[in-house]
Amino acid sequence: MNADTRLPPALIARLAALPVPTITATLFAHGITNGFLAGLTPLDANTARFVGTAFTLRALPVRADLLGAVNDATAPNLHRRAMAQVGPGQVIVTDCGADRGISFFGELISTFLMRKGVAAIVTDAGIADTGDVAATGLPVFCQGSAPIPGTARRLVLDLQGPVNCMGATVIPGDILVGDANGVAVIPRAMGETIAAAAEEKERMERFLLTRLQDGAPLDGTYPPDAATKEAYRKSLLD
């Protein structure tokens with residue numbers, strides 16, 4: 001894996017501590033309106049949390065001559081190449097045209113990727129062997145169970161290019177953050193900015209939550225009026 005695909009450990013820790021909804025709301029405030037991969041859910045909410053960088057894979061509708069060339073080894077098998085090339089800390093992100101009825105991943109490949117240190121699988125298709133894949137502990141987000149081989153309808157024809165995953169553009173090296181809520185995509189260059197802004201948003205929201213739990217009215221508390229903002233500023237000095 002190229003060195004520039006790795007994230008600073010401190011940034012990983014900061015993003016891992018933030019809820020995905022806070023991150024996506026922060027992205028929205030910074031002009032990224034499609035930073036959430038809507039429609040994907042984790043196979044296991046208890047092992048859903050991850051932070052990593054995108055390794056992209058694009059699968060297009062099968063064409064007989066192209067599939068035949070892969071099968072007779074006159075053309076490269078890009079799915080297998082991706083499994084060989086993806087590295088520790090990276091997240092496999094697919095563009096399969098959001099076809100939920102097929103899968104390019106099952107128990108064996110997921111076990112291999114888990115042992116390799118891959119951070120997660122994020123696929124806009126389905127997953128085979130869902131229970132067994134969940135048991136590997138690898139964070140996996142998908143559209144559900146699909147024990148039908150991907151090559152029934154799609155063929156991997158491009159690696160490490162921009163992809164469309166559930167309506168969001170993902171560029172190789174982008175930062176992905178997952179938890180039980182789903183997956184957020186952060187443009188790589190905005191990582192530190194989004195982390196800092198999301199941390200501040202989370203601190204403010206924890207303050208507002210405490211006030212609501214103590215009986216404060218919703219009006220003036222959320223969204224916070226000037227008096228509430230001043231109370232928040234004072235709380236930071238205590």
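To keep things clear, this report deals only with the structure shown in the data block. Because the structure is predicted, anything quoted here is derived from the model rather than measured. (Residues numbered from 1 in each chain as written. Predicted model: local features only at pLDDT ≥ 70, side-chain atom pairs only at ≥ 80, totals over all residues. Heavy atoms only, no water.)

### Some remarks on the overall build of the chain
Right, so step 1: Looking only at helices and strands, the chain features 8 helices and 10 strands.
Right, so step 2: Projected onto its principal axes, the C-alpha coordinates of the chain cover approximately 70 × 35 × 30 Å.
Right, so step 3: For the chain, the residues scored as buried account for 45% of the 238 residues in total.
Right, so step 4: Taking the contacts inside the chain whose residues are at least 6 apart along the sequence as the reference set, 76% of them involve residues at least 24 apart.
Right, so step 5: Each charge class in the chain can be summarised by its mean position, and for the 20 positive and 23 negative side chains these summaries are 3 Å apart. (Helix = DSSP H or I, 4+ residues; strand = E, 2+ residues; numbered from the N terminus. Buried < 20%, exposed > 50% of the residue type's maximum accessible area, 1.4 Å probe, protein only. Contact = heavy atoms within 4.5 Å. Lys, Arg positive; Asp, Glu negative; His and termini not counted. Charge placed at Lys NZ, Arg CZ, Asp CG, Glu CD.)

### Some remarks on the pattern of salt bridges
Where charged atoms from two side chains of opposite charge come close, those side chains can pair.
Right, so step 1: All told, the structure shown has 10 salt bridges when counted by the stated rule.
Right, so step 2: Of the charged contacts, one joins Asp65 and Arg63 as a salt bridge, the two residues approaching to 2.8 Å between their closest N and O atoms.
Right, so step 3: Given a relative accessible area of 46%, Asp65 falls into the partly exposed group.
Right, so step 4: You can call Arg63 partly exposed: its relative accessible area is 48%.
Right, so step 5: When the shortest N-O distance is used, the salt bridge between Glu230 and Arg233 registers 2.8 Å. Residue Glu230 and its partner Arg233 are both found in helix H8 (residues 226-237); the two are separated by 3 residues, about one turn of the helix.
Right, so step 6: Judged by relative accessible area, Glu230 falls into the partly exposed class, the value being 33%.
Right, so step 7: Overlapping salt bridges bring together Arg14, Glu192 and Glu199 as one network. (Salt bridge = Lys/Arg side-chain N within 4 Å of Asp/Glu carboxyl O.)

### A word on the side chain of Asp99
Right, so step 1: Tracing the sequence through the fold places Asp99 in the loop between strand S3 (90-95) and helix H5 (107-116).
Right, so step 2: The residues touching Asp99, leaving out its near neighbours within four places in the chain, are Asp124, Ala125, Gly126, Gln143 and Arg153.

### As for the packing of aromatic side chains
Right, so step 1: Taken as a whole and judged by the stated rule, the model has 2 aromatic pairs.
Right, so step 2: Each ring, one from Phe50 and one from Phe141, has its centre 5.7 Å from the other, and the planes form 65 degrees; the classification is edge-to-face. Here Phe141 lies in strand S5 (residues 140-142) and Phe50 lies in strand S2 (residues 50-61), a separation of 91 residues in the sequence. Phe141 matches Phe50 in its accessibility class, with the two residues each being buried. (Phe/Tyr/Trp six-rings, centres within 6.5 Å; stacked < 30°, edge-to-face > 60°.)

### Some thoughts on the packing of helix H7 (residues 191-213) against H8
Right, so step 1: Running from N to C, H7 and H8 cross one another at 110 degrees; their axes reach a closest spacing of 11 Å. As summarised for this structure, H7 and H8 are arranged roughly perpendicular, according to the angle between their axes. Here Glu200, Arg203, Met204, Phe207, Leu208 and Arg211 of H7 lie close against H8, whose contacting residues are Thr228, Lys229, Ala231, Tyr232 and Ser235.
Right, so step 2: Each residue belonging to the contact of H7 with H8 can be placed in one class, and the counts come to 5 nonpolar, 2 polar and 4 charged. (Axes fitted to C-alpha atoms, helices over the stretch in contact; angles between N-to-C directions. Parallel < 35°, antiparallel > 145°, perpendicular 65-115°, else oblique. Nonpolar A, V, L, I, M, F, W, Y, C, P; charged D, E, K, R; others polar.)

### With respect to a nonpolar patch on the surface
Right, so step 1: Together, Leu212, Leu218 and Tyr222 line one region of the surface with nonpolar side chains, adding up to about 300 Å² of accessible area.
Right, so step 2: Within the secondary structure layout, Leu218 lies in the loop between H7 and H8. (Patch = residues over 30% accessible without salt bridge, like charges linked within 9 Å, V, L, I, M, F, W, Y side chains within 5 Å. Areas by Shrake-Rupley, 256 points an atom, 1.4 Å probe, with all protein chains shown as cover.)

### A look at the packing of helix H2 (residues 20-29) against H7
Right, so step 1: With their axes 9 Å apart at the nearest point, H2 and H7 run at an angle of 115 degrees to one another. The two elements H2 and H7 meet at a crossing, and its hand is right-handed. Contacts between H2 and H7 involve Thr22, Ile23, Ala25, Thr26 and Leu27 from the first element and Ile194, Ala197, Ala198, Lys201, Glu202 and Glu205 from the second.
Right, so step 2: Split into classes, the residues belonging to the contact of H2 with H7 amount to 6 nonpolar, 2 polar and 3 charged. (Left-handed = near helix turned anticlockwise from the far one by under 90°.)

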